[in-house]
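The lines below spell out each chain.
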Amino acid sequence: MRSILMAVALHVVSASAAAAFTAPALVKDINPGSADSSPMVFFPLGSKLVFFANDGVSGTEPWVSDGTAGATFMLRDVWPGANSGVNIYCPSCNAVSNGSVVYFSASDGTGGSQLWRTDGTTIGTTKVYSGTTAIGLGIVGSKVYFTGNSLLYASDGTPGGTARVSDTALSTGEELLGIGGIAYFSGSDGFSGAELWRSDGTSGGTVRVKDINPGSPDALPTNLTNVGGTLYFTATNAIGGALYKTDGTAAGTVLLRQGSVVGGAGSERKQLPVSSGIVYFVGNEATHGSELWRCDGTPAGTYMVKDIYPGAGGGISLGSASLAAIGSTIYFNAGDATSGFELWKSDGTEAGTVLVKDINPGLSGSAPRQLANINGTLFFRAQSSYAAGDQPWTSDGTSAGTQQWATIRPADASGASNFTLAGGRVFFAANDGTTGLELWAAGPSLGVTPGEPVASIALSQNQPNPMRMASTITYSLAVEQVVTLKLYDTQGREVRTLANGMQGAGLHRAELDAHGLGNGVYYFRLSTGGEVRERKLVIFR
């Protein structure tokens, strides 16, 4: 079943699922040439995407993009020079968003990785708190919680509003999830192992939920998932791996299944996929191997959906499992006795668990990965043949509607990943074989996202750059409007106003005189009532 067959197949862009978007294109070669910028950890903020990338000069730092090269730039070189400011160890644990702000862990070289925030603008990218390190970030209500030197902290996004929650609860800094204003996390009292804890933001309200693995051994709760206000998670008890749910009390912490559980593989935050209130996961047992399971919140309602590949081997590979929920359907990759690993779907019943399409006919399989729900359409990467390489695909859940979206890197691996919708565009990382692993995007087919304003401003890079004493900044306006053009230093302080007032449609130029400005990096920002564009310039004499 797992052997590899050589085959060649035709690739056709889907006329249905992909029709809502233009053909994908490289947004910007962030790390010029064949080197990778490795875009990672994507967060939509309104019409923009915030992510982390390495330009080959500044290390891995926070970036922003609206899908155009001109408005794709580094928000701040947090740690100036080649060092990476962003803490890329477990990046999904060390960055989180509430939809308007991204909080992340980063170092500016003055200490360990500390708490930072960005609203998608240069001046809005600032350090929040320098009193401790910050890992294991999670949003709880209006606050961000994090682990600092093994203790739990909470912040409202300001230095004065950041404080230690408890002096006794030791957090592992791995996972933290907020439900109903309560923070759930993996913690310890220093005597027992890592167990499930909860906190209401006060020292007295920070307590262990239950000693799942009694004594010093760790339970290590993971896959924390909110299902209608109830927390589901996996942990290790005295027997082994298991699935639990809890209402936040010891009595209300219920064992649902004894046995190993894998969920959320293929996603950055490893939560269990939920479809119509049902939790899905990959369960492994000696008789059936690794297969798709479901749980309705009761032990009796926790069972294997279908034995896709009978026998101890199982139909799902634990190491490369990928699951995504769209409405009442769960999509995943699996292999049966006649097909290799292909795209499957399930409605939670044995009869409704079926192969969507044998993309790479025969036993070699197309190996679907990076499954993502984009406005009800499934995006993923797969290969229609060994010779074709893996490319981005889309599916509407039917065989006819499952087709290759584009060919990014012919006859080789594109590495397409992190499909994310922001501002009506689908962003993802991919490698075309020439520019390395970089940021790609596809806009809406009509050119305008419903409910999004039409782009009305454009800002070009200053010339020359780097500059000595004088440089020209060019920008264009689609309509007459009030604009401001200002210059900021790396600390977000305004140092010059270059334009401020009503200006007509068309091309405009602003002259920057560097007298009185020191050498270094600056940012110039063009703003209207609804749009912002920013770029970086360097003064070097």
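Residues numbered from 1 in each chain as written. Predicted model: local features only at pLDDT ≥ 70, side-chain atom pairs only at ≥ 80, totals over all residues. Heavy atoms only, no water.

Peer 1: Could you clarify how one ought to interpret the nonpolar core in this entry?
Peer 2: As a rule of thumb, nonpolar side chains are buried together in soluble globular proteins. Grouped together as the largest cluster of nonpolar side chains are 19 residues, with contacts concentrated most on Tyr-475, Leu-485, Leu-487, Phe-524, Leu-526, Leu-537 and Ile-539. Among the elements of the structure, strand E38 (457–459), strand E39 (470–477), strand E40 (481–489), strand E42 (506–513), strand E43 (520–527) and strand E44 (532–539) are those that each provide at least two residues to this core. Sequence-distant contacts of Leu-537, defined by excluding residues within four places in its chain, comprise Gln-461, Asn-462, Asn-465, Met-467, Leu-487, Leu-512, Gly-520, Val-521, Tyr-522 and Phe-524. In this structure, Val-50, Leu-75, Val-86 and Trp-116 belong to the second largest nonpolar core, which totals 15 residues. (Core = buried A, V, L, I, M, F, W, Y, C linked by side-chain atoms within 4.5 Å. Buried < 20%, exposed > 50% of the residue type's maximum accessible area, 1.4 Å probe, protein only. Helix = DSSP H or I, 4+ residues; strand = E, 2+ residues; numbered from the N terminus. Contact = heavy atoms within 4.5 Å.)

Peer 1: Teacher, can you tell me more about the pattern of salt bridges here?
Peer 2: If the charged atoms of two oppositely charged side chains come close together, the side chains can form a pair. With the rule as written, the count across this model stands at nine salt bridges. Across the pair Lys-127 and Asp-108 runs a salt bridge, and its minimum N-O distance is 2.8 Å. Placement of the pair is Lys-127 in strand E9 (residues 126–129) and Asp-108 in the loop between strand E7 (102–106) and strand E8 (114–118), with a sequence separation of 19 residues. Of the charged contacts, one joins Asp-390 and Arg-381 as a salt bridge, the two residues approaching to 2.7 Å between their closest N and O atoms. Comparing Asp-390 with Arg-381 shows no difference in burial state: the two are buried. Sharing partners across several salt bridges, the network here consists of Arg-369, Arg-381 and Asp-390. (Salt bridge = Lys/Arg side-chain N within 4 Å of Asp/Glu carboxyl O.)

Peer 1: Looking at this structure, I do not really get the sheet that holds strand E28 (residues 329–334). What am I missing?
Peer 2: Two strands in a sheet stick together by hydrogen bonds in their backbones, pointing the same way (parallel) or opposite ways (antiparallel). Taken in spatial order, the four strands of this open sheet run E27-E28-E29-E30, and their pairing is antiparallel. Edge strands, defined here as strands with exactly one partner in the open sheet, are strand E27 (323–326) and strand E30 (354–357). Recorded for the sheet is a direction-independent mean angle of 35° between the axes of neighbouring strands. (Pairing = 2+ DSSP bridges. Axes fitted to C-alpha atoms, helices over the stretch in contact; angles between N-to-C directions.)

Peer 1: How should I be thinking about the pairing of strand E20 (residues 241–246) in this particular structure?
Peer 2: Walk down a regular strand and you will see the side chains alternate between the two sheet faces. Across six bridges, strand E19 (residues 230–236) lies against E20 in antiparallel orientation. Looking at E20, one finds that Thr-234 is bridged to Leu-243. Where E19 folds back on E20, the antiparallel hairpin that results is connected by four residues, among which Gly-240 adopts a positive phi of roughly 155°. Of the strand pairs in this sheet, E20 and strand E21 (residues 254–258) are connected by four bridges, and their pairing is antiparallel. Its bridge partner being in E21, Ala-242 is matched across the sheet by Gln-258.

Peer 1: I'm lost on the side chain of Asp-55 in this one. Help?
Peer 2: You can see Asp-55 is positioned in the loop between strand E3 (48–54) and strand E4 (60–65). Put simply, Asp-55 is tucked away with no salt bridge, and the nearest opposite charge, on Lys-536, sits 5.0 Å away. Among the polar contacts listed, one links the side chain of Asp-55 to the backbone nitrogen of Val-57, at a separation of 2.8 Å. In terms of polar contacts, Asp-55 uses its side chain to reach the backbone amide nitrogen of Ser-58, at 2.7 Å. With residues near it in sequence (within four places) discarded, Asp-55 still touches Ile-30, Asn-31, Pro-32, Trp-63 and Met-74. (Lys, Arg positive; Asp, Glu negative; His and termini not counted. Polar contact = N/O pair within 3.5 Å; in protein donor to acceptor, adjacent residues only side chain to side chain.)

Peer 1: I tried to follow the pairing of strand E14 (residues 170–179) on my own but got confused; where do I start?
Peer 2: Across six bridges, the pairing between E14 and strand E15 (residues 182–188) is antiparallel. Across the sheet, Ser-171 pairs through a bridge with Gly-187, a residue of E15. The turn joining E14 and E15, which pair antiparallel and follow one another in sequence, is formed by two residues; a positive phi near 60° is taken by Gly-180.

Peer 1: Honestly, the packing of aromatic side chains in this entry has me stumped. Any pointers?
Peer 2: For any pair of aromatic rings, the description consists of the separation of the ring centres together with the inter-plane angle of the planes. All chains considered together, the criterion is met by 16 aromatic pairs. Summarising the aromatic geometry, the rings of Phe-379 and Phe-419 are spaced 5.9 Å apart at their centres and angled 50° between planes, so their arrangement reads as tilted. Here the residue Phe-379 occupies a position in strand E32 (residues 377–382), and Phe-419 occupies one in strand E35 (residues 417–422), the gap between them amounting to 40 residues. We note that Phe-379, like Phe-419, is buried. The cationic tip of Arg-257 hangs over the ring face of Trp-293; the distance from NZ or CZ to the ring centre is 4.0 Å. (Phe/Tyr/Trp six-rings, centres within 6.5 Å; stacked < 30°, edge-to-face > 60°. Lys NZ or Arg CZ within 6 Å of the ring centre and 35° of its normal.)

Peer 1: Would you mind showing me how to read the side chain of Thr-420 here?
Peer 2: Relative to the assigned elements, Thr-420 resides in strand E35. At a separation of 3.0 Å, a polar atom in the side chain of Thr-420 contacts the main-chain carbonyl oxygen of Asn-418.

Peer 1: Would you mind showing me how to read unusual backbone geometry here?
Peer 2: Among all residues except glycine, the phi angle is most often negative; among peptide bonds, the trans geometry is most common. Following Gln-463, the chain continues into Pro-464 via a peptide bond in cis, with omega recorded as -5°. Topologically, Pro-464 is positioned in the loop between E38 and E39. That bond from Asn-465 to Pro-466 is cis: its omega, 0°, falls within 30 degrees of zero. Following the sequence through the fold, Pro-466 ends up in the loop between E38 and E39. Phi at Val-41 is positive, roughly 55°, even though this residue is not glycine. Positionally, Val-41 belongs in strand E2 (residues 40–45). Relative accessible area serves as the criterion here: at 2%, Val-41 is assigned to the buried category. Its identity as a non-glycine residue notwithstanding, Asn-375 has a phi of 50°, on the positive side. Mapped onto the elements, Asn-375 comes out in the loop between strand E31 (369–374) and E32. Judged by relative accessible area, Asn-375 falls into the exposed class, the value being 66%.

Peer 1: I tried to follow the sheet that holds E20 on my own but got confused; where do I start?
Peer 2: Spatially, E18-E19-E20-E21 is the arrangement adopted by the four strands of the open sheet, whose pairing is antiparallel. The sheet is open, and its two edges are formed by strand E18 (222–227) and E21, each paired on a single side. Adjacent strand axes in the sheet meet at a mean angle of 25°, parallel and antiparallel pairs treated alike. Here E18 runs beside E19; their pairing, made up of four bridges, is antiparallel. Bridge assignment links Asn-226 to a residue of E19, and that residue is Leu-231.

Peer 1: Hey, could you run me through the environment of Leu-459 in this one?
Peer 2: Topologically, Leu-459 is positioned in strand E38. Taking the relative accessible area as the measure of exposure, Leu-459 reaches 7% and is therefore buried. Note: C-alpha distance between Leu-459 and Glu-534 (75 residues apart in sequence) is 7.4 Å.

Peer 1: Explanation requested: the environment of Pro-62 in the structure shown.
Peer 2: Mapped onto the elements, Pro-62 comes out in strand E4. For Pro-62, a relative accessible area of 0% translates into the label buried. The spacing of Pro-62 and Ser-260 is 198 residues in sequence and 36 Å in space, taken between C-alpha atoms. Excluding residues that lie within four positions of it along the chain, Pro-62 makes contacts with Phe-51, Phe-52, Met-74, Leu-75, Arg-76, Val-78, Val-86, Phe-104 and Thr-125.

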